[in-house]
Amino acid sequence: HRQGHAQTLGIVSVSRVGRALGILAAARHVRLTTYRRNGSAVGTPVWISREGPRLYVWTRADSGKVTRLRRDRRVQVAPSDVRGRPLGPAHDGTARLLDPAATRHVERLHRRKYGLRFAAFRLGSRVARRWIGDTVGIEITLRDPDGQGR
């Protein structure tokens, strides 16, 4: 009964979303695909964290993916290597840009998952003065592969 209710809402069933979230959250890198104005897909390798039924990405606020997400919230997420070459199937989702407080929470999730690697990356970014004050968290909700609820 509960699985049918989740499908009615257009969200992947609990068992299906759980499997997809588990695979994506366990990946060291994922390919986040966003869409240009003309509809063409742009894939970017990113680090990803999970909390509950949501996935989280942390990036520069002035990045191309953020610009594209302001216009079109559709995304695809697939486990990948560091260069963004997919290592598994892509999952459709919807992204939401987060406010500064939520972005700080995403940084904590990434620190917990990636440890010293993320801390060193963050510190290097501050030293290079490239990312100070201009980061944003992205929350991703996976969608039903049949496209219901879009």
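The structure presented is a predicted model; accordingly, all values stated were derived computationally and were not measured.

Calculation rules
- Residues numbered from 1 in each chain as written.
- Predicted model: local features only at pLDDT ≥ 70, side-chain atom pairs only at ≥ 80, totals over all residues.
- Heavy atoms only, no water.
- pLDDT = per-residue confidence, 0-100.
- Contact = heavy atoms within 4.5 Å.
- Buried < 20%, exposed > 50% of the residue type's maximum accessible area, 1.4 Å probe, protein only.
- Helix = DSSP H or I, 4+ residues; strand = E, 2+ residues; numbered from the N terminus.
- Arc of directions from axis to C-beta.
- Polar contact = N/O pair within 3.5 Å; in protein donor to acceptor, adjacent residues only side chain to side chain.

Q: What exactly am I supposed to notice about the confidence of the model for the protein chain here?
A: Caution applies to low-pLDDT parts of the model: their predicted coordinates are not meant to be read in detail. Confidence in the prediction for the protein chain averages 82 pLDDT; 73% of positions are at 70 or higher. Here residues 1-9 is modelled with pLDDT under 50, and outside its nearest four sequence neighbours on either side it reaches nine contacts, counting other chains as well. Overall, residues 146-150 carries pLDDT values under 50, and its contacts beyond four positions in sequence, including any with other chains, amount to eight contacts.

Q: Just checking my understanding: could you explain helix H3 (residues 64-71) for this structure?
A: Each α-helix winds once per 3.6 residues, and so residues spaced three or four apart point in a common direction. Here H3 has its buried residues at Lys65, Val66, Arg68 and Leu69. For H3, the arc enclosing every buried residue in end-on projection is 165°, short of the 170-degree limit, so these residues lie on one face. Along its buried surface, H3 packs onto strand S1 (29-35), strand S2 (41-46), strand S4 (54-60), strand S5 (74-80), strand S6 (91-97) and strand S7 (135-142).

Q: So what exactly am I meant to see when it comes to the side chain of Thr141 here?
A: Here Thr141 is to be found in strand S7. Here Arg54 takes part through its side chain, which lies 3.3 Å from a polar atom of the side chain of Thr141. Excluding anything up to four places from it in sequence, Thr141 contacts Arg54, Asp92, Gly93 and Thr94.

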